[in-house]
Amino acid sequence: MGCVSTAVAHQRQVLGIIPSAFTVNNLVRETCGKEIKVATMHERLLTMMELSDAFIALPGGFGTLEELFQMIYWAQLNIHNKPIGVLNINGFFNDLLSFVDHAVEQKFITQRA
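Note on numbering: residues in each chain are counted from 1, in written sequence order. Residue-level local features of this predicted model are given only where pLDDT is at least 70; pairs of side-chain atoms are given and counted only at 80 or more, and the full residue set underlies all totals for whole chains, interfaces and linings. Note that water and hydrogens are dropped before the side-chain values are worked out from all heavy atoms of the structure.

**Comments concerning the overall build of the protein chain**
Here a strand is any run of E in DSSP of at least two residues, a helix any run of H or I of at least four, and the numbering for each starts at the N terminus. Secondary structure assignment for the protein chain yields 5 helices and 4 strands. Ordered by position from the N terminus, the helices and strands of the protein chain form the series α-β-α-β-α-β-α-β-α. Whether a residue is buried, partly exposed or exposed follows from its accessible area with a 1.4 Å probe, protein chains only, as a fraction of its type maximum: under 20%, in between, or over 50%, in that order. Across the 113 residues of the protein chain, 22% fall into the buried class. We call two residues in contact when some of their heavy atoms are within 4.5 Å. Sequence-distant contacts in the protein chain: of pairs separated by 6 or more residues, those separated by 24 or more amount to 46%. Only the protein chains shown count as cover for residues, and the accessible areas themselves come from Shrake-Rupley with a 1.4 Å probe. Accessible area of the protein chain: about 8,300 Å², with a carbon and sulfur share of 56%.

**Let's talk about the pairing of strand S1 (residues 15-19)**
Looking down a regular strand, the side chains alternate between one sheet face and the other. Extensive coverage of S1 is indicated by the burial of 4 of its 5 residues. Sheet topology note: the S1/strand S2 (residues 34-38) ladder contains 5 bridges and is parallel. The residue of S2 that forms the bridge with proline 19 is valine 38. Two strands pair under a simple rule: DSSP has to find at least two bridges between them.

**Comments concerning the packing of helix H3 (residues 41-51) against helix H4 (residues 62-76)**
Angles run from 0 to 180 degrees between N-to-C directions of axes, and those axes are lines fitted to C-alpha atoms, restricted for helices to the stretch in contact. The interhelical angle for the contact between H3 and H4, taken along N-to-C directions, is 55°, at an axis separation of 11 Å. Compared by their axis directions, H3 and H4 come out oblique. Judged by the twist between their axes, the crossing of H3 over H4 is right-handed. Contacts between H3 and H4 involve Met41, His42, Arg44, Leu45, Leu46, Met48 and Met49 from the first element and Glu66, Glu67, Gln70, Met71 and Trp74 from the second. Class assignment for the residues of the contact of H3 with H4 results in 7 nonpolar, 2 polar and 3 charged. With respect to orientation, any angle under 35 degrees is reported as roughly parallel, any angle over 145 as roughly antiparallel, any angle of 65 to 115 as roughly perpendicular, and every other angle as oblique. Note: crossing handedness is left-handed where the near helix turns anticlockwise from the far helix by less than a right angle, and right-handed where it turns clockwise. Under the grouping applied here, Gly and all other residues not named as nonpolar or charged are polar, the nonpolar ones being Ala, Val, Leu, Ile, Met, Phe, Trp, Tyr, Cys and Pro and the charged ones Asp, Glu, Lys and Arg.

**Observations regarding helix H5 (residues 94-105)**
Expected helix span is computed as 1.5 Å times (number of residues minus one). Taking 1.5 Å per residue, 12 residues should reach 16 Å; H5 reaches 16 Å between its end C-alpha atoms and fits that length. Downstream of H5 by one or two residues, lysine 107 has phi in the positive range, about 70°.

**Topic: a nonpolar patch on the surface**
The residues that make up patches have over 30% relative accessible area and no salt bridge, and they are joined within 9 Å when like-charged or within 5 Å when they are Val, Leu, Ile, Met, Phe, Trp or Tyr. For salt bridges, the criterion is a side-chain nitrogen of Lys or Arg within 4 Å of an Asp or Glu carboxyl oxygen. Residues Ile56, Leu87 and Ile89 make up a contiguous nonpolar surface patch of roughly 290 Å² in combined accessible area. Its location among the elements puts leucine 87 in the loop between strand S4 (84-86) and H5.

**Observations regarding the confidence of the model for the protein chain**
pLDDT is a per-residue confidence score from the predictor, ranging from 0 to 100. Across the protein chain, the average pLDDT comes to 84, with 80% of residues at or above 70. Ranking the elements of the protein chain by mean pLDDT puts helix H1 (residues 2-9) last, at 54, and H5 first, at 96.

**Brief notes about the side chain of glutamate 67**
Mapped onto the elements of the fold, glutamate 67 is located in helix H4. Throughout this description, a polar contact denotes any pair of N or O atoms lying within 3.5 Å of each other; where both atoms belong to protein, one of them has to be capable of donating a hydrogen while the other can accept it, and for residues adjacent in sequence the pair is counted only when both atoms sit in side chains. Polar side-chain contacts of glutamate 67 include one of 2.8 Å to the side chain of arginine 44. Setting aside its immediate chain neighbours within four residues, glutamate 67 contacts Met41, Arg44, Leu45 and Met48.

**Considering the packing of aromatic side chains**
When two rings of Phe, Tyr or Trp (its six-membered ring) have centres within 6.5 Å they constitute a pair, described as stacked for plane angles under 30 degrees, edge-to-face for angles over 60, and tilted for the intermediate range. Scanning all chains against the criterion turns up 1 aromatic pair. Aromatic pair phenylalanine 92 and phenylalanine 93: ring centres 5.1 Å apart, planes at 85°, arrangement edge-to-face. For phenylalanine 93, a relative accessible area of 1% gives the class buried.

Put into structure tokens, the structure is as follows:
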């Protein structure tokens, strides 16, 4: 995220929402914009949802997937109606998107999701 925020900071405002657990072992380097420290990951997601205009997932690990699916789930529950997308660099999300298509076909997920 540091590389992305540094690149974006040249043209846009950057906001880092940092859970306290990330600061314990120096998992986060200095934010190049405004920084909000929160107590928990849930508080991070809630703050992101409240302050963001849209959500874009870049290639990442479990944290990225958790945040992406949480925002999709909250949209299904009409907690927000903000755009959600994935930046599918080099097909990184292809298998995940195929899985979601399969879940829609099996009627576990609605097409609207």
